[in-house]
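Chain residues, written in single-letter form:
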Amino acid sequence: MTPNSYPVELSALDITPYRRSNTGIDFVTTLDSGAPGPHVMLSALVHGNELCGAHALDYLVREEVRPERGKLTLAFMNVAAYARFDPANPAASRHVDEDFNRVWSAEVLDGPRDSVELRRAREVRHLIDTVDLLLDIHSMHHTNPPLMLAGPLDKGRRLALDVGAPTLVVCDAGHTAGTRMRDYARFSNPESAGNALLVECGQHWTRGTEEVAIDVALRFLACTGVVALDWATERLPRAAPAVQRIIEVSGPVTIESDRFRFVEDYEGMEVIPDEGTIIGWDGERTVRTPYPECVLIMPSRRLRRGESAVRLGRYVG
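Here the structure is a predicted model, which is why all the values come from computation and not from measurement.

Cut-off values and rules
Residues numbered from 1 in each chain as written. Predicted model: local features only at pLDDT ≥ 70, side-chain atom pairs only at ≥ 80, totals over all residues. Heavy atoms only, no water. Phe/Tyr/Trp six-rings, centres within 6.5 Å; stacked < 30°, edge-to-face > 60°. Helix = DSSP H or I, 4+ residues; strand = E, 2+ residues; numbered from the N terminus. Buried < 20%, exposed > 50% of the residue type's maximum accessible area, 1.4 Å probe, protein only. Lys NZ or Arg CZ within 6 Å of the ring centre and 35° of its normal. Pairing = 2+ DSSP bridges. Right-handed = clockwise from strand over helix to strand, strands pointing away. Salt bridge = Lys/Arg side-chain N within 4 Å of Asp/Glu carboxyl O. Axes fitted to C-alpha atoms, helices over the stretch in contact; angles between N-to-C directions. Contact = heavy atoms within 4.5 Å.

(A) Seen up close, the packing of aromatic side chains. Using the criterion set out here, one finds 5 aromatic pairs in the structure. Taking the centre distance of 5.2 Å and the plane angle of 15° together, the rings of Y18 and F76 count as stacked. Taken together, the positions of Y18 in the segment before strand 1 (28-32) and F76 in strand 3 (residues 71-76) put the pair 58 residues apart, joining distant regions of the chain. We classify F76 as buried; its relative accessible area is 3%. Ring centres 5.4 Å apart and planes at 70° place the aromatic pair W104 and Y184 in the edge-to-face group. Of this pair, W104 sits in the loop between helix 2 (79-82) and helix 3 (106-109) while Y184 sits in the loop between strand 6 (168-171) and strand 7 (195-203), and the two are 80 residues apart along the sequence. Ring pairing ties together the aromatic residues F100, W104 and Y184, which thus form one cluster. If you follow R245 out to its NZ or CZ, it ends over the ring of Y315, 3.9 Å from the centre. Between the NZ or CZ atom of R314 and the centre of the ring of Y291, over which it lies, the distance is 4.0 Å.

(B) Structural context of the pairing of strand 3. Most of strand 3 sits out of view: 5 of its 6 residues are buried. Taken together, the 6 bridges between strand 2 (residues 39-44) and strand 3 define a ladder with parallel strand orientation. In the sheet register, S43 faces strand 3, and the bridge partner there is A75. Tracing the backbone out of strand 2, into helix 1 (residues 52-62) and back to the parallel element strand 3 gives a crossover that is right-handed.

(C) Focus on the pattern of salt bridges. Per the counting criterion, the structure on display carries 25 salt bridges. Across the pair E248 and R157 runs a salt bridge, and its minimum N-O distance is 2.7 Å. One end of the pair, E248, is in strand 8 (residues 245-254); the other, R157, is in helix 5 (residues 154-163), with 91 residues separating them in the sequence. A relative accessible area of 34% places E248 in the partly exposed class. E284 is the partner of R259 in a salt bridge, and the nearest nitrogen-oxygen pair spans 3.2 Å. Taken as a pair, R259 in the loop between strand 8 and strand 9 (260-262) and E284 in the loop between strand 11 (278-282) and strand 12 (285-288) lie far apart in primary sequence, 25 residues in all. A relative accessible area of 45% means that R259 is categorised as partly exposed. For E284, a relative accessible area of 68% corresponds to the exposed category. One connected set of salt bridges, linked through shared partners, spans D172, R180, R182, D183 and R311.

(D) Quick look at the sheet that holds strand 9. With respect to topology, 3 strands assemble into an open sheet ordered 9-11-12, the strand pairing being antiparallel. Each of the sheet's edge strands pairs with one partner strand only, and the pair in question is strand 9 and strand 12. Averaged over neighbouring strand pairs, the angle between their axes works out to 25° when direction is ignored.

(E) Expanded view of the sheet that holds strand 14 (residues 308-316). Strand order in this open sheet of 11 strands is 1-3-2-4-7-5-6-8-14-13-10, and the pairing throughout is mixed. Both outer strands of the open sheet, strand 1 and strand 10 (271-272), are each paired with one neighbouring strand and no more. Contacts between helix 4 (residues 116-128) and the sheet are confined to strand 1, strand 2 and strand 3, with strand 1 contributing the most and set at about 10° to the helix. Contacting strand 4 (133-140), strand 5 (147-149), strand 6, strand 7 and strand 8, helix 5 runs over the sheet at an angle of about 55° to strand 7.

Next comes the structure, spelled out in structure tokens:
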């Protein structure tokens, strides 16, 4: 199925009430407990067509979330892209000019390029520099099970396991096309206490994806200690998985030509049993699985040169 083949079961919330903020940045609000503690941030709408994060932040505001220590920032990110969301063509509002989640390196942020997404990233950057713990809420093209993307470092893996949901934890280094916000600055420094997770909550517009976002957001807030444990746990909409499974990613398949195609219409989480199995072609180059029991993670439908076609990994532990 193409992304636009899925029915739009979630509504695009009116977030204009959240424009006014106390940070000097539209749609980004910080709640300060006045007590010592970490600065925790929940971000939504890094991609304008991923609705579940907006539902999660809206839920927390309606439930009158308040930090009991440290600070809590609630951030609606790529609001320009989100404003273009159209249920008749829901995939088109992913971004305006470029992927907001590929610009988070000092080289790009300090460089000469300009785009709607870069302007917004530069606007929020100084605040993110103060964040200790980040949960970035996303969704996926296809109806895959929810995934927590923990990055390549042990600290990210430990935080994902401490949060306790969802079931699948993917340890990966991101994309050749650019740096994710999850991997920005201190978050990707093994010597820093700064840490970040990215949760993929399910198919973009499928009902229930917002429930996953709310569940993981509450668990993250409880894990970081920024809100009272009882306040978070009594609102959890889902039971925790009995056990989490870890997938280590060896790397993305980065597209080198203008003629990439898969052998099959992969939707993700397929396990290819044999090493050397052909899964696609990149121009004349054959793309094969590099090891047995290879897991195909989030195959893309945006098969453009320089971007990731799919990430390859395997279950460990």
